[in-house]
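Here are the chains, one letter per residue:
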Amino acid sequence: MNHEIQDGIRIRARELLSLGEVGCVIGHERGPRGRVRPVFVHDAGDAGRLVWDQTCHHNLVVYLRDRAAPSRRGDAPLRAGIVARPCDVRALNVLIHEGQVARDQVFVIGVACPGMLAEEAEGAGGSLAEHCRRCKERVPLFYDALVGEPPPVDAVVDAWEDLAELEGSTPGERLAFWIREFDRCIRCYACRQACPGCYCFECLAEQVDPQWVSIAHRVPQKAFFHVMRAYHLAGRCAECHACDLACPMHIPLSLLNRKIAKEVKALFGYTAGADPTIPPPLATFRKDEELPL
Amino acid sequence: MPDSFEPKIVGFLCNWCSYAGADMTGTSRIPYPSNIRIVRVPCSGRVDPLYVLKAFQEGADGVLVAGCHPGDCHYGDGNLYARRRYALMRSFLDFVGIDAGRLRVEWVSASEGNRFAQVVAELTEQVRQLGPWAGLREGQQEAA
Amino acid sequence: MKVATRDALARWLDSVMVQRSVIAPRRVEGELLYRPVRSSDDIVFDFERTALSPKTYLLPDTQVVLEVEKRDRAVTLIEPELGREQVIFGIRPCDARALRVLDALLLGRTPADAYYAERREATTLVGLACPQLWDDCFCSSLGSGPDDGSAVDLMICEAESGYLLSANTEKGKVLLEQLEAEETEQACPASETAGARVAVRPPEEWRAVFDDGYWLRLAERCLSCHACTYVCPTCRCFDVRDDTIASGPGLARFRRLRAWDSCMAPAYRRIAGGHNPRPDKAQRLRNRYYCKFCYSPLDFDVVACVGCGRCIAACPVGIDITEMLGEVAALAEERS
């Protein structure tokens, strides 16, 4: 199945590049130590570098902001091909909705995704990553070409089970948990840089004037960054888990985003990236709504 | 906890309704706890959730965000955005460990002097019961 | 050379902890980090490589360099308190060599970095040899090796008979005297250094390939996060910002913080007026490698990389410094 997806990607990439339909294809390659990593293929002859397997966890949509932005200086941006799973396409949809990427500047090579392997399971032919076990989307919401056969959706797993333990704790226990987690954060911003939804020219955490938060690498400052970043992704986070996967200290940051996503779903019936015709929940209101305050 | 704990409450009050309401409380000589420190903003829609988090980090034990009643916003719809923002922020801060009881969002009109006093008294008492907030601040115990 | 069991080492360290801070490898929620320990029970003795180097104990990620209080017209400057004497136990040869690199970069010019100098003086390094090169490691390509004890005060290696300890400096000797253990004539077993060697070319050759298109291609996948610079034991750039801690009528207190910064950040080199000489991530990534392999050798006589391999493990998108070095070597070959 993985081989089929990989072949499909290579064929499509070769075609797009040789016909000049895209300036590059963003996909994965195998690095010198055997691990997969993002790659930008510019020539049809290099299409063989593209690989695909269940360790290709990077959300490549993050690179589209540079590649496929609507023109600002009158230069036509290069059209890019991109390998995208259902979660990646949700993120892309958010960017299109927010005017960061133009739909016609991207050729989406959609992947019918069987899920990513859990990090520990890599090489052991083992189980899926927790967030992939929960996922019910097999085929991206939209695509220009689809590779792979949609695998069956497994029996429903509780959609929010990752939050259950924390939700069942007291606020004091939750505070202790987050202090422990933020303690080893090194404020490297890998989470933010890997996130397709974080594209502020200057992040609040680094702003000098006003300085919202000091430059200290201490729990209060790190907590401030993570809480505000998650809040700024309210109704925008596509739950792709790029943040978790980028974090060098393996902090389960997606718990923050997912808590907000759960509330957004419950209160507003909204899922980020699902339907671009629905106004984003925090950019609108209903006059007579009753909300828990 | 010590009986003498006096919570520090920070209140973000919109100029047109809730701040005027608080003024009304004062001019009517209705007593209300002096635990609250009021910050006047043009509209509850101006209250960035970032300010609420910062307030907790800089010494507040409780925070009040008050605006006009929905439908009466001086700017039309500012408080309607605020309503959505705070519905999310309140449960999110609770998830991070800041008890939802510490953050209160209220709609107080310019004529509700009595009500403002009542809201502040209730919040002060509630936060007194919850105890001082010291999390996510300078000087708190770092993880071992 | 002394020989000691792990228990003896543990007891020794517990006694050292009474007088000084002991920083050692410890599990922190699943990550292995150098942290202060209160008991030898917390120390992990069997490990490959920690996620971060112990750099922060000499070049802190956050440091108050000054506090200022203004009461009406009266200004008081409050210098930070000096820290305790500290022992870094279990430092690897690469991380210890990195401190020699930092010495050259931070103490080699006038004015020297006084804060770093103070911490350096207050620190005793107890090294622990690696029996082999771990995944991603390449210290042996940079003039060192997994059993290189030259940069520590007291070196430990593991042998069949137990831990073998030898002091290299006066500081190390003083510390070793506190360990009750037998003398031995044994020598440390040589570590395994099998593994591909990485070619590190001299600065002139780097100059020649500065404009090559390779740098653009390499950086395409870069996210411009700070991971590589923060896990790196030789990266030392920092930012200084003032932070208000109290203010009121007639009173202002603020402190001047120094904290790690990263040349990978887009705004790192942006100056007043808005000009930024390195707005593109390709320029910044290239600059980082040039700083390590071209500018530092030219300006400070050291290669600012010790081959610890942490940047390879930490990079979320698989940028590999050894791959880059190989490419530069190949490009330099082509041009020669």
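Residues numbered from 1 in each chain as written. Chains lettered and ligands numbered in written order. Predicted model: local features only at pLDDT ≥ 70, side-chain atom pairs only at ≥ 80, totals over all residues.

This part takes up the overall build of chain C. The number of helices and strands found in chain C is ten helices and twelve strands. The C-alpha atoms of chain C give 22 Å as radius of gyration, which agrees with the globular expectation for 336 residues (20 Å, within 12%). Each of the 336 residues in chain C was classed as buried or not, and the buried ones make up 39%. Within chain C, contacts between residues at least 6 apart in sequence are counted, and of these 71% link residues at least 24 apart. (Helix = DSSP H or I, 4+ residues; strand = E, 2+ residues; numbered from the N terminus. Rg over C-alpha atoms; globule rule 2.2 N^0.38 Å. Buried ≥ 20, exposed ≤ 12 C-beta atoms within 10 Å, placed from the backbone. Contact = placed C-beta atoms within 7 Å.)

Quick look at the sheet that holds strand 9 (residues 162-167) of chain C now. All names here are of chain C. The eight strands lie next to each other as 3-2-6-7-8-9-1-10, forming an open sheet whose pairing is mixed. Among the strands making up the open sheet, the edge pair consists of strand 3 (31-36) and strand 10 (182-183). Looking at chain direction, strand 1 (residues 2-4) and strand 9 are connected through three bridges and run antiparallel. Its bridge partner lying in strand 9, K2 is registered against L165. Packing against the sheet, helix 1 (residues 6-19) makes contact with strand 1, strand 2 (21-28), strand 6 (86-91) and strand 9, and its axis sits at approximately 125° to strand 2. (Pairing = 2+ DSSP bridges. Axes fitted to C-alpha atoms, helices over the stretch in contact; angles between N-to-C directions.)

Glancing now at the nonpolar core. Membership of the largest hydrophobic core comes to 215 residues, with the highest contact counts inside it found for A:I82, A:A84, A:L92, A:A190 and B:V63. The element that contributes the greatest number of residues to this core is helix 3 (residues 78-96) of chain B, accounting for ten residues. Split by domain, the residues of this core number at least three in each of domain 1 (2-147) and domain 2 (161-282) of chain A. Residues contacting A:L92, with those up to four places away along its chain left out, are A:V61, A:L64, A:A84, A:V101 and A:V106. (Core = buried A, V, L, I, M, F, W, Y, C linked by C-beta atoms within 7 Å. Domains from an automatic or database assignment.)

This next bit is on the packing of helix 10 (residues 254-268) of chain A against helix 3 of chain B. How two helices sit against one another is set out by the angle between their axes and by the gap between those axes. Interhelical geometry of helix 10 of chain A versus helix 3 of chain B gives an angle of 145° and a closest axis separation of 10 Å. In this structure, helix 10 of chain A crosses over helix 3 of chain B, and the sense of that crossing is right-handed. Two secondary-structure elements touch here, helix 10 of chain A through A:K259, A:I260, A:E263, A:V264 and A:L267 and helix 3 of chain B through B:A87, B:L88, B:S91, B:F92 and B:F95. Taken together, the residues that form the contact of helix 10 of chain A with helix 3 of chain B break down as seven nonpolar, one polar and two charged. (Left-handed = near helix turned anticlockwise from the far one by under 90°. Nonpolar A, V, L, I, M, F, W, Y, C, P; charged D, E, K, R; others polar.)

On the chain C side, the residues contacting the 29 residues of chain A number 31 residues. For the side of chain A that touches chain C, the secondary-structure elements that each account for two or more residues are strand 2 (36-41) and helix 7 (190-194) of chain A. If you tally residues by element for the side of chain A that touches chain C, the top one is strand 2 of chain A, at four residues. Tallied by class, the residues present in the side of chain A that touches chain C amount to 14 nonpolar, seven polar and eight charged.

Residues and elements named next belong to chain A. Position of V157 among the secondary structure elements: in the loop between strand 5 (145-147) and helix 5 (161-167). Taking the C-alpha atoms as reference points, V157 and K136, 21 residues apart in sequence, are found 9.2 Å from one another. Leaving out residues up to four positions away in the same chain, V157 has contacts with R133 and R134.

So, on to the domain arrangement of chain A. Residue and element names in this part refer to chain A. As assigned here, chain A comprises domain 1 (2-147) and domain 2 (161-282). Inter-centroid distance (C-alpha atoms) of domain 1 to domain 2 is 24 Å. On the domain 2 side, the residues contacting the 19 residues of domain 1 number 17 residues. A total of nine residues in the side of domain 1 that touches domain 2 trace back to one element, the largest contributor, which is helix 3 (residues 86-97). Across the side of domain 1 that touches domain 2, the residue classes tally to eight nonpolar, seven polar and four charged.

For the rest of this paragraph, the subject is the sheet that holds strand 1 (residues 24-30) of chain A. Residue and element names in this part refer to chain A. Strand order in the open sheet made by the five strands is 2-1-3-4-5, with mixed pairing throughout. Unpaired on one side and paired on the other, strand 2 and strand 5 mark the two borders of the sheet. Shown here is a sheet whose adjacent strand axes are inclined to one another by a mean of 30°, direction ignored. Where strand 4 (residues 106-111) meets strand 5, three bridges bridge the pair, whose relative direction is parallel. Across the sheet, G110 pairs through a bridge with L146, a residue of strand 5.

Across the contact, 30 residues belong to chain A and 32 residues belong to chain B. Of all the secondary-structure elements, those providing two or more residues to the side of chain A that touches chain B are helix 6 (171-183), helix 8 (219-232) and helix 10 of chain A. Looking at which element gives the most residues to the side of chain A that touches chain B, the answer is helix 6 of chain A, with eight residues. Of the residues contributing to the side of chain A that touches chain B, the split by class is 23 nonpolar, one polar and six charged.

So, on to helix 1 (residues 18-27) of chain B. All names here are of chain B. In terms of burial, helix 1 is a largely internal element, seven of the ten residues being buried. Looking only at helix 1, the buried set comprises S18, Y19, A20, G21, A22, M24 and T25. Next to the buried residues of helix 1 lie strand 1 (9-14), strand 2 (36-41), strand 3 (62-67) and helix 4 (113-130). Positive phi appears at R29, one or two residues downstream of helix 1, with a value of about 60°.

Mapped onto the secondary structure, B:Q57 falls in helix 2 (residues 49-58). Under the C-beta neighbour-count criterion, B:Q57 is labelled buried, with 20 such atoms within 10 Å. Considered as a pair, B:Q57 and B:R137 are 80 residues apart in the sequence and their alpha carbons are 5.1 Å apart. Residues contacting B:Q57, with those up to four places away along its chain left out, are A:P220, A:F224, B:L136 and B:R137.

Glancing now at the packing of helix 8 of chain A against helix 10 of chain A. Residues and elements named next belong to chain A. Remark: helix 8 packs on helix 10, axes separated minimally by 9 Å, with the N-to-C direction vectors making an angle of 40°. In this structure, helix 8 meets helix 10 at a crossing whose hand is right-handed. Across from H226, A230 and Y231 in helix 8, the residues of helix 10 making contact are L256, N257 and I260.

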